[in-house]
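Close look at the chain arrangement
Residues per chain, in single letters:
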Amino acid sequence: MSELKKNADKFLDDLMEVYPAKVMKNRKKHVVVKEGAGQEIAANTRTVPGIITNRGCCYAGCKGVVIGPIVDMVHIVHGPVGCAYYAWGTRRNKGKAREGGQNFLNYCFTTDMQESDIVFGGEKKLKKAIEEAVELFQPKAISISATCPVGLIGDDIDAVAREMSEKTGVKILSFNCEGYKGVSQSAGHHIANNKLMKEVVGTNDSPVGKFSINLLGEYNIGGDEWEISRVLSKIGYNLVTTMTGNSTIDEIANAHKSDLNVVQCHRSINYIADMIEEKYGLNWLKGNFIGVENFSKTLRNIARYFGDEGLIARTEEVIAEEVAEIKDTLNSAKEKLNGKTAVLYVGGSRADHYQGLLREIGIETIVAGYEFGHRDDYEGRDVIPYIKLDADTRNIEEITVEKDEKNYSLRIPADKVDELKKEMPIADYEGLMKNMADGSLIIDDLNHYETEKIIEILKPEFFGSGIKDKYIVHKMGTYSKQMHSYDYAGPYAGFKGAANFAKDVEAGILTPAWSYLTPPWNKEPLLKGKVEGVEEAC
Ligand code: SF4
């Protein structure tokens, strides 16, 4: 195992030594060296000011992550131009228009607030923007996302949404996701889930086919959702909707008609998964579409949930067919990469999801962490009742739903669900820490300094994180893979995705470019000579 296991305490002391006492006390709670089970980590708390965090804001979590991927909505960002501009096309959630439908993903809509809007209020401008959007694009629906100043000056975007919805006849959803709410993107996920539950899910009652499922918390980065749904439809499932990669507003509105929710990103979507179960009786199953073993296991769990013999047999056939196509690629990568080590620092789910796939190509994850995970994402959902809510979290609305008498139904009997719960994670998630080896490091809200220190001391060959630290890591001579944008490649989910990932990582770690980082004159003398009568050459 790693350096870390041999000398964990010294490593932590080295990592923390530069901090002032108060900061050290805080950061120590966010770092855990894995040792058995039942360890606690501090998460989802305020970032230390000035520490150079990788975190984003509530608006990024709401509009950028959950709402933005809905293809046929016009997403208006109400605020000064920066928030809309910097989020324009940078998250690679792909989407296609349905036949005869629309796709606005390439656009960037903003009210571009000016000083006068801050002084006199921006509601008028927002109404005008909605009118213009309806006139120019006739969208199926519109979202309004609030940015920092909106809440401070008191613009009532809910009232604007109601008024303009009546006036134009277009569904308008308002999101009070000002960037300062909560402590990270996470608050924005919750706000987006609440609104989708309150105003969208359950408003379309179109019939759905047999074996229908929804994918929750899957955002079609680099085409992931297309690869997953290709395999699902090959087996025989009907995908009603994905939340929210490549989705349309009507499909999300029909989610309650499905038979099962399969959850990929637990952090961003667990709220709505729970609420749909409560209101409509639809179970949710935690899946993992990354890596051959994880994806196969998820497919087998879905088939066992439905309990249909034909589906179970077809699942095995498809797995065998797909694995046969990619196994050589994975094996060849494993031969070359075996024994290398990885650091994974991603938003709220990928640091867990990718460990299996990395293992399949011979790479062991020695450090993992989240920007905005909560304790349950690290320690498993069992800890939820013990999580203390602080003031930052209490500010985010918790909504409750009631059983919908007309549409509530148990898809399979309750005692069967209880039986299945013993074998698979139905309404459960065991978290990132469980599958990590003893001696590995789990670190929450990693910052710039800690990133450098980890690379210096642990010398991993693979650093999977985001754009903000990518080039710093490269300059230190370590291969950095963007695990949010996939370095503009993908898909990485599913079987073909696993092969894509293996090829990209192999190329990244083994590129000859790394051997040119140190100039030759720093490795060996450029001139060699001998002085008469002197033993040593210079
Ligand atoms: S923190 Fe505020 S200003 Fe910055 S991106 Fe988020 S909403 Fe915009």
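This is a predicted model, so every value here is computed, not measured.

A few words now on the overall build of the chain. A count of helices and strands for the chain gives 24 helices and 14 strands. Relative to the 2.2 N^0.38 estimate, which gives 24 Å for 538 residues, the radius of gyration of the chain is 25 Å and therefore close to what a compact globule would have. Across its three principal axes, the chain shows a C-alpha extent of roughly 100 × 65 × 45 Å. When burial is assessed residue by residue, the chain has 54% of its 538 residues classed as buried. Counted over contacts in the chain with a minimum sequence separation of 6, partners at least 24 positions apart contribute 76%. For the chain, the accessible area works out to roughly 24000 Å², and carbon and sulfur atoms hold 51% of it. The average position of the 67 basic charges and that of the 80 acidic charges among the side chains of the chain differ by 1 Å.

As a further point, take the sheet that holds strand β5 (residues 171-175). What holds strands together in a sheet is hydrogen bonding between their backbones, with the strands either parallel or antiparallel. Strand order in this open sheet of 4 strands is β3-β2-β4-β5, and the pairing throughout is parallel. Of all strands in the sheet, those with a lone pairing partner are β3 (109-110) and β5, marking the two edges. In this structure, strand β2 (residues 73-78) lies alongside β3, joined through 2 bridges in parallel fashion. Note that in β3 the partner of I76 across the bridge is F109. Lying on the sheet, helix α7 (residues 123-137) is in contact with β2, β3, β4 (141-146) and β5; it crosses β2 at an angle near 155°. Taken strand by strand, helix α9 (residues 157-168) contacts β2, β4 and β5, and its axis lies near 175° from that of β5.

Turning next to the sheet that holds strand β6 (residues 212-218). Strand order in the open sheet made by the 4 strands is β7-β6-β8-β9, with parallel pairing throughout. Since the sheet does not close on itself, it has two edges, and those belong to β7 (238-244) and β9 (284-286), each with one partner. For this sheet, the mean angle separating the axes of adjacent strands, direction not counted, is 25°. Sheet analysis places β6 next to β7, joined by 6 bridges and oriented parallel. Opposite I213, over in β7, you have L239 as the bridge partner. Strand contacts of helix α14 (residues 292-306): β6, β8 (260-263) and β9, with the helix running at about 165° to β8, the strand carrying the most contacts.

What follows deals with the UniProt feature "domain: Nitrogenase/oxidoreductase component" (unreviewed entry) in the chain. UniProt marks residues 57-506 with the feature "domain: Nitrogenase/oxidoreductase component" (unreviewed entry), using the numbering shown here. Helix makes up 46% of residues 57-506 and strand makes up 15%, while its end C-alpha atoms are separated by 33 Å.

Let's shift gears to the site of the ligand. The immediate surroundings of the ligand are formed by C57, Y59, C83, T147, C148 and G179. Here the residues of the shell around the ligand sort into 4 nonpolar, 2 polar and no charged.

Okay, the side chain of S268 next. Among the secondary structure elements, S268 is positioned in helix α13 (residues 266-280). Taking the relative accessible area as the measure of exposure, S268 reaches 1% and is therefore buried. Within the structure, S268 has its side chain in polar contact with the side chain of Y219 (distance 2.7 Å). With residues up to four places along the chain from it excluded, the contact list for S268 reads V66, H189, N193, G217 and Y219.

The next point concerns the pairing of strand β11 (residues 363-370). Counting buried positions along β11 gives 7 out of 8 residues, so the element sits mostly inside the fold. Two elements, strand β10 (residues 340-346) and β11, share 7 bridges in a ladder whose sense is parallel. If you follow A342 over to β11, its bridge partner there is T365. Relative to strand β12 (residues 441-443), β11 runs parallel, the two being bridged by 2 bridges. Across the sheet, V367 pairs through a bridge with L441, a residue of β12.

Procedures and definitions
Residues numbered from 1 in each chain as written. Predicted model: local features only at pLDDT ≥ 70, side-chain atom pairs only at ≥ 80, totals over all residues. Heavy atoms only, no water. Helix = DSSP H or I, 4+ residues; strand = E, 2+ residues; numbered from the N terminus. Rg over C-alpha atoms; globule rule 2.2 N^0.38 Å. Buried < 20%, exposed > 50% of the residue type's maximum accessible area, 1.4 Å probe, protein only. Contact = heavy atoms within 4.5 Å. Areas by Shrake-Rupley, 256 points an atom, 1.4 Å probe, with all protein chains shown as cover. Lys, Arg positive; Asp, Glu negative; His and termini not counted. Charge placed at Lys NZ, Arg CZ, Asp CG, Glu CD. Pairing = 2+ DSSP bridges. Axes fitted to C-alpha atoms, helices over the stretch in contact; angles between N-to-C directions. UniProt positions renumbered as here; feature names shortened; annotations may be inferred. Near = heavy atom within 4 Å. Nonpolar A, V, L, I, M, F, W, Y, C, P; charged D, E, K, R; others polar. Polar contact = N/O pair within 3.5 Å; in protein donor to acceptor, adjacent residues only side chain to side chain.

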